[in-house]
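Inside the fold
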Amino acid sequence: DRYFGYLKAIKEAKKSVDPDMFISGYAMKGMEYKAESYSENPQLYRDILNNILRKCSDKRVGVFAINDMEAISLIYAAMDMGIKIPDRMGIIGFD
């Protein structure tokens, strides 16, 4: 799992992790993981971004999505919400 790999790498580098900076859109919605695109569930992605921005209201934000489809869906949501990429938020996907 990528999340646990990330935590292991941070621990090995003797760095700290702020657990509040990890947001799972599916956990936030109480859903099982199911690939959905922005066109299938736009509100999910808007909710994810709103949650991120509430936690980081005064900071520039970087989002690491679990895959490219999630990243693209978050980019569409950001554009619809008027969030400027990359000025306010950077989004990257990793497959």
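Residues numbered from 1 in each chain as written. Predicted model: local features only at pLDDT ≥ 70, side-chain atom pairs only at ≥ 80, totals over all residues. Heavy atoms only, no water.

Turning to the overall build of the chain, a few remarks are in order. Within the chain, the secondary structure is distributed over four helices and two strands. For the chain, the N- to C-terminal ordering of α and β elements is α-α-α-β-α-β. A burial count over the chain gives 31% of its 95 residues as buried. For the chain, the proportion of contacts with a sequence separation of at least 24, taken over those separated by at least 6, is 62%. When the accessible area of the chain is evaluated, it comes to approximately 6,500 Å², of which 55% is carbon and sulfur surface. (Helix = DSSP H or I, 4+ residues; strand = E, 2+ residues; numbered from the N terminus. Buried < 20%, exposed > 50% of the residue type's maximum accessible area, 1.4 Å probe, protein only. Contact = heavy atoms within 4.5 Å. Areas by Shrake-Rupley, 256 points an atom, 1.4 Å probe, with all protein chains shown as cover.)

We now examine the pairing of strand β1 (residues 61–65). Taking every second residue as pointing to the same face, the buried face of β1 carries Val61, Val63 and Ala65, while none of Gly62 and Phe64 on the other face is buried. Both β1 and strand β2 (residues 89–93) contribute to a ladder of five bridges, which runs parallel. Note on β2: the bridge partner recorded for valine 63 is isoleucine 91. Taken together, β1, helix α4 (residues 68–81) and β2 form a β-α-β motif whose crossover is right-handed. (Pairing = 2+ DSSP bridges. Right-handed = clockwise from strand over helix to strand, strands pointing away.)

Another point: the pattern of salt bridges. Opposite charge on two side chains makes pairing possible when the charged atoms of those side chains draw close. A full pass over the atoms with the stated rule returns one salt bridge. In this structure, lysine 8 engages glutamate 12 in a salt bridge whose closest nitrogen and oxygen atoms are separated by 3.9 Å. Linking lysine 8 with glutamate 12, this pair stays in helix α1 (residues 2–12), spanning four residues, or about one helical turn. Each member of the pair, lysine 8 as well as glutamate 12, carries the same accessibility label: exposed. (Salt bridge = Lys/Arg side-chain N within 4 Å of Asp/Glu carboxyl O.)

A cluster of nonpolar side chains, namely Phe64, Ile92 and Phe94, defines an oily patch on the protein surface of about 330 Å² accessible area. Take isoleucine 92: it is sitting in strand β2. Overall, the relative accessible area of 49% leaves isoleucine 92 in the partly exposed class. (Patch = residues over 30% accessible without salt bridge, like charges linked within 9 Å, V, L, I, M, F, W, Y side chains within 5 Å.)

Relative to the helices and strands, tyrosine 38 resides in the loop between α2 (25–28) and α3 (42–55). Under the relative-accessibility criterion, tyrosine 38 is labelled buried at 11%. In this structure the C-alpha to C-alpha distance between tyrosine 38 and alanine 71, which are 33 residues apart in sequence, comes to 9.9 Å. In contact with tyrosine 38, not counting residues within four places along its chain, are Tyr45, Arg46, Ser73, Tyr76, Ala77 and Asp80.

With that settled, consider unusual backbone geometry. Phi is mostly negative for residues that are not glycine, and the peptide bonds are mostly trans. Residue proline 86 is reached from isoleucine 85 by a cis peptide bond, and omega for that bond is 5°. Secondary-structure assignment places proline 86 in the loop between α4 and β2.

What follows concerns the packing of α3 against α4. Close contact between α3 and α4 brings their axes to 9 Å; oriented N to C, the two are set at 75°. When the axes of α3 and α4 are compared, the pair comes out roughly perpendicular. Contact with α3, carried on its side by Tyr45, Arg46, Ile48, Leu49 and Asn50, involves Glu70, Ser73, Leu74, Ala77, Ala78 and Met81 of α4 and no other residues of that element. (Axes fitted to C-alpha atoms, helices over the stretch in contact; angles between N-to-C directions. Parallel < 35°, antiparallel > 145°, perpendicular 65-115°, else oblique.)

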